[in-house]
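The residues making up each chain are set out below.
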Amino acid sequence: VRLEDLPEIDLGAEELQHDMDRAMAHVRPLMESGGLARSVRGIELLTYDRSAALMRDQRYSVAINSRLAGVGLTEGAAYEGMTSLLFNREGSRHTRMRRACAPWFSLRGVERFRSDVRGWVDEWLDEVPDEGAFDFHERIGRRLPATLFCSIVGAPLDDWELFARLSEENQLTSQAPDPKYRRIVEDAAVQTTSYLKELIELRRSTPGDDLISFMLRAEGEGTIDEGEMLGVIWNVLVGSTDTTNSQINLNLATLADHPDQWAILKADPDLVATGVNELLRYNPGLYAVMRSPLEPLDFEGIELTPGDTLWPSVFAPNNDPAAFEDPRTLDVTRPLKRVPLNFGSGVHGCLGRMFTLLEQQEVLKAVLSRWDEVEIVDSEFTGAMYALKSERMTVRFTRDQRVPATAR
Ligand code: HEM
């Protein structure tokens, strides 16, 4: 294949924004004709098999340099900081850093947080008036992951708003590149570094059972150093908040559009875990991940250099009929035979997926137990084809009259 022979995809096309059914109708011919396309940002991989294989191919990095270059960051403190995130380390250093923190993310470790998460959601929903509409985005979607981040690193929970903002600013590197983001990202990087360094110092004198204290023990054994710990926590901040926020909001919006599926989950809350997997498959908040070759190499006849970027898709493989039968049917009871690609795959596969699944499950259980119906009054998601960012979401609900006030 020659690059110029690949079919072209216009990522800004109206068909690809807002509506997944329309987006899939638009890309399906490209999937059927080989699953490769070229776009302004590089090469797009659109089928499940192609995308998953590239995500796992260790000859490629997660393309941080092209991500940062997109906002004009090629040197300086912010560049240094962001290239030292766990996600952006490769090879033996990445393996060592990941091993030093991964045990903390075990199923048992994550489950300890479930009752707190449910308690917060219940508390914030209890404050909502009995009738009418409220701002779900601010009250739940944005607040929950940032509060959980505070808890993960042992910071005061009241700092959630600061972390929500810092994370959103850091995450501008995951949007369509725009040089105007450079200053914002730089300022956020400075603030993030100084806050997180202080927190590491605090945990040195008062250790707990948080992630930082866990890594401090690994530091004592010589397996991770302070800069690397910072690279892990910073990664957890930017990886855990906006992503979860948009998926929580999308899940609710999808169910509001499918009252039959809402009713199935309401009748049997034990299906919520299965339902969440289906919801994130059907309507993913992340559209694609990035890869660049570590060395010059041949990709299907195309000569690539480390400056090139490939985009293994998430949304198209999640709707690939070769991987998921009848993919544009939402069925919250279906056991998925393949893993949706929302969390990437391979050595960088998402370390916090059990955390976000837990958050998404507890939010759904809380709203299903309280409400009979939900309607989205107003919502906006930006960043289609990159990482969806929830800008706002107002919902109106009908209270479940059978639930006594004390149990709500
Ligand atoms: C809906 C929510 C989330 C999505 C869609 C998501 C997605 C991803 C993806 C796609 C990757 C990288 C995969 C790659 O390029 O191959 C990743 C890595 C990562 N994620 Fe998540 N994530 C989410 C939530 C979280 C949460 C809640 C945490 C932490 C509590 C977290 C922590 C991380 C970390 C630390 C990495 C880097 C792993 C490494 O490089 O070894 N993520 N995530």
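See the structure printed just above.
Residues numbered from 1 in each chain as written. Predicted model: local features only at pLDDT ≥ 70, side-chain atom pairs only at ≥ 80, totals over all residues. Heavy atoms only, no water.

### Looking at the coordination of the iron atom of the ligand
Okay, so step 1: Of the protein atoms, Cys-350 (SG) alone serves as a donor to the iron atom of the ligand, at 2.3 Å.
Okay, so step 2: With respect to the helices and strands, Cys-350 occurs in the loop between strand E8 (310–312) and helix H16 (353–370). (Donors = N, O, S within 2.8 Å, 3.2 Å for Na, K, Ca; no water. Helix = DSSP H or I, 4+ residues; strand = E, 2+ residues; numbered from the N terminus.)

### What to know about the sheet that holds strand E4 (residues 133–135)
Okay, so step 1: Read from one edge to the other, the open sheet built from three strands follows the order E4-E10-E9, with strand pairing classed as antiparallel. In this open sheet, the two strands that pair with only one neighbour each are E4 and strand E9 (371–382). For this sheet, the mean inter-axis angle between neighbouring strands, taken without regard to orientation, is 25°.
Okay, so step 2: Note: E9 against strand E10 (residues 389–399), 10 bridges, orientation antiparallel. Within E10, the residue paired with Phe-381 across the bridge is Ser-390. (Pairing = 2+ DSSP bridges. Axes fitted to C-alpha atoms, helices over the stretch in contact; angles between N-to-C directions.)

### Quick word on the site of the ligand
Okay, so step 1: Taken together, 28 residues lie around the ligand, and His-94, Arg-98, Arg-291, His-348 and Cys-350 are the ones closest in.
Okay, so step 2: The separation between a nitrogen atom of the ligand and a polar main-chain atom of Gly-239 is 3.3 Å.
Okay, so step 3: Between the ligand and His-348, the relevant distance is 2.7 Å, taken from an oxygen atom to a side-chain nitrogen or oxygen of the residue.
Okay, so step 4: Those elements that provide at least two residues to the shell around the ligand are helix H5 (91–101), helix H13 (226–257) and H16.
Okay, so step 5: In terms of residues, the shell around the ligand owes the most to one element, H13, which gives six residues.
Okay, so step 6: A breakdown of the residues in the shell around the ligand according to their chemical character gives 12 nonpolar, 14 polar and two charged. (Near = heavy atom within 4 Å. Polar contact = N/O pair within 3.5 Å; in protein donor to acceptor, adjacent residues only side chain to side chain. Nonpolar A, V, L, I, M, F, W, Y, C, P; charged D, E, K, R; others polar.)

### What about the pairing of strand E2 (residues 42–45)?
Okay, so step 1: Pairing of strand E1 (residues 36–39) with E2, which is carried by four bridges, proceeds in the antiparallel orientation. Residue pairing in the sheet places Ser-39 in a bridge with Gly-42 of E2.
Okay, so step 2: Hairpin connection of E1 to E2: two residues between the antiparallel strands.
Okay, so step 3: As paired elements, E2 and E8 share three bridges and run parallel to each other. Of the residues in E8, the one forming a bridge with Leu-45 is Pro-312.

### What about helix H2 (residues 48–56)?
Okay, so step 1: Of all the positions in H2, only Tyr-48, Ser-51, Ala-52, Leu-54 and Met-55 are classed as buried. Buried residues in H2, looked at end-on, bunch into an arc of 165°, giving them a common side.
Okay, so step 2: At its buried positions, H2 is contacted by E2, strand E3 (60–61) and E8. (Buried < 20%, exposed > 50% of the residue type's maximum accessible area, 1.4 Å probe, protein only. Arc of directions from axis to C-beta. Contact = heavy atoms within 4.5 Å.)

### Focus on the packing of aromatic side chains
Okay, so step 1: For the structure on display, the rule yields 15 aromatic pairs.
Okay, so step 2: Centroid distance Trp-104 to Phe-105: 5.4 Å. Interplanar angle 85°. Geometry classified as edge-to-face.
Okay, so step 3: For Trp-104, a relative accessible area of 6% puts it in the buried group.
Okay, so step 4: With a relative accessible area of 6%, Phe-105 lands in the buried category.
Okay, so step 5: Over the aromatic face of Trp-311 sits the side chain of Arg-41, whose NZ or CZ is 3.8 Å from the ring centroid.
Okay, so step 6: Positioned above the aromatic ring of Phe-324 is the side chain of Arg-281, whose terminal nitrogen or guanidinium carbon lies 5.4 Å from the ring centre. (Phe/Tyr/Trp six-rings, centres within 6.5 Å; stacked < 30°, edge-to-face > 60°. Lys NZ or Arg CZ within 6 Å of the ring centre and 35° of its normal.)

### Concerning the packing of helix H10 (residues 160–170) against helix H11 (residues 181–205)
Okay, so step 1: Here H10 crosses H11 at 135°, and the two axes come no closer than 8 Å. The orientation of H10 relative to H11 falls into the category oblique. Considering how the two elements wind past one another, H10 and H11 form a crossing that is left-handed. Packed against H10, whose contacting residues are Leu-162, Phe-163, Arg-165, Leu-166, Glu-169 and Asn-170, the element H11 presents Ile-184, Val-185, Ala-188, Ala-189, Gln-191, Thr-192, Tyr-195 and Leu-196 at the interface.
Okay, so step 2: When grouped by side-chain class, the residues that make up the contact of H10 with H11 number nine nonpolar, three polar and two charged. (Parallel < 35°, antiparallel > 145°, perpendicular 65-115°, else oblique. Left-handed = near helix turned anticlockwise from the far one by under 90°.)

### Things to note about unusual backbone geometry
Okay, so step 1: We note that Ala-63 has phi near 65°; this positive angle belongs to a residue other than glycine.
Okay, so step 2: Mapped onto the fold, Ala-63 is located in the loop between E3 and helix H3 (64–69).

### Brief notes about the pattern of salt bridges
Okay, so step 1: Tallied over the full model, the rule gives 35 salt bridges.
Okay, so step 2: Notably, a salt bridge pairs Arg-41 with Glu-44, separated by 2.8 Å at the nearest N-O pair. For the pair shown, Arg-41 and Glu-44 are each scored as buried.
Okay, so step 3: Glu-362 is the partner of Arg-118 in a salt bridge, and the nearest nitrogen-oxygen pair spans 3.6 Å. Here Arg-118, found in helix H7 (residues 114–126), pairs with Glu-362, found in helix H16; they are 244 residues apart in sequence, far enough to count as distant. (Salt bridge = Lys/Arg side-chain N within 4 Å of Asp/Glu carboxyl O.)

### Observations regarding the environment of Glu-131
Okay, so step 1: Locating Glu-131 in the fold gives a position in the loop between H7 and E4.
Okay, so step 2: Sequence separation of Glu-131 and Phe-397 is 266 residues, and the distance between their C-alpha atoms is 7.5 Å.

### Here's the deal with the sheet that holds E2
Okay, so step 1: Here three strands make up an open sheet; going across it, the order is E1-E2-E8 and the pairing mixed. Two strands lie at the open edges of the sheet, namely E1 and E8, each paired on one side alone. Ignoring strand direction, the axes of neighbouring strands in this sheet form an average angle of 25°.
Okay, so step 2: Sitting on the sheet, H2 is in contact with E1, E2 and E8, with an inclination near 115° to E8.

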